Amino acid sequence: EASTKRALSRIRGYLAGSRDRKRPYVSGHLTIPALRCEGDVEFLIDTGADTTLLAPSDALALGLDVASLPTATPSRGIGGATPTVSVQAELILNGAPLLLDLRVLAPAIRHRQTLALIPSLLGRDILSRFGLFLEERTGRVLLLEPHEADQLRIP
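For the structure given in this document, a descriptive report is provided here.

Basis of the calculations
- As a convention, each chain's residues are numbered from 1 in the sequence order in which they are written.
- Local features in this predicted model are restricted to residues whose pLDDT is 70 or higher, and side-chain atom pairs enter the listing and the counts only when it is 80 or higher, whereas totals over whole chains, interfaces and linings include all residues.
- Neither water nor hydrogens contribute to the side-chain values; these are computed over all heavy atoms in the structure.
- The way it works is that DSSP assigns letters per residue, a run of H or I at least four long becomes a helix, a run of E at least two long becomes a strand, and they are numbered from the N terminus.
- Relative accessible area decides the class of each residue, using a 1.4 Å probe on protein chains only: under 20% of the type maximum gives buried, over 50% gives exposed, and in between gives partly exposed.
- Contacts were defined at the residue level, with two residues in contact if any of their heavy atoms lie within 4.5 Å.
- The protein chains shown are the only cover counted for residues, whose accessible areas, like all others here, come from Shrake-Rupley with a 1.4 Å probe.
- At least two DSSP bridges between two strands are needed for those strands to be called paired.

We now examine the overall build of the chain. Within the chain one finds five helices and 11 strands. Split into buried and exposed, the 155 residues of the chain put 39% on the buried side. When contacts within the chain are restricted to residue pairs at least 6 apart in sequence, those whose partners lie at least 24 apart make up 55%. A total of about 9600 Å² of accessible surface is found on the chain, and carbon and sulfur atoms cover 53% of it.

Note: strand 3 (residues 21-32) against strand 4 (residues 37-45), eight bridges, orientation antiparallel. Along strand 4, the bridge assignment pairs Tyr25 with Leu44. Where strand 3 folds back onto strand 4 in an antiparallel hairpin, the turn is made up of four residues, including Arg36, whose phi is positive at roughly 50°. Direction of pairing for strand 4 relative to strand 9 (residues 120-122): parallel, over a ladder of three bridges. Within the sheet, the bridge partner assigned to Leu44 lies in strand 9 and is Leu121.

Positive phi, close to 50°, is recorded for Arg36, a residue that is not glycine. With respect to the helices and strands, Arg36 occurs in the loop between strand 3 and strand 4. A positive phi angle is found at Asn94, which is not glycine, with a value near 50°. Structurally, Asn94 can be placed in the loop between strand 7 (80-93) and strand 8 (96-105).

Given below as structure tokens:
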């Protein structure tokens, strides 16, 4: 029975996008207790992101008032730097609660339309707690708990 429970603890993601450009995503339930807001968010798994980042469109859908939050380090990427704010949050992935310091993109008004297409990112602050298994051939995306990853016996 314990092995069955452990097998079920696996966090399953999915691949989405066009035929030639599938990207790995995972669904989670995000709660921000201090602001009493919560909701489901689809996160792009991004091994190049240091931290988990909430996109402006998801912040809006959750009813998050970014103007009320403290400024954080700007997010830097190919397009340059974008202002962010920070808030303590809980992310639930397959029933497992994970506490994190969530960064939220807070673009200037002139950049909001451009950044509306950017997804929320699941960064290494969360990914480092799991083994990431991604196999495009079969469409599998798994976040494995340490004991599950250890069972893979990969040299």
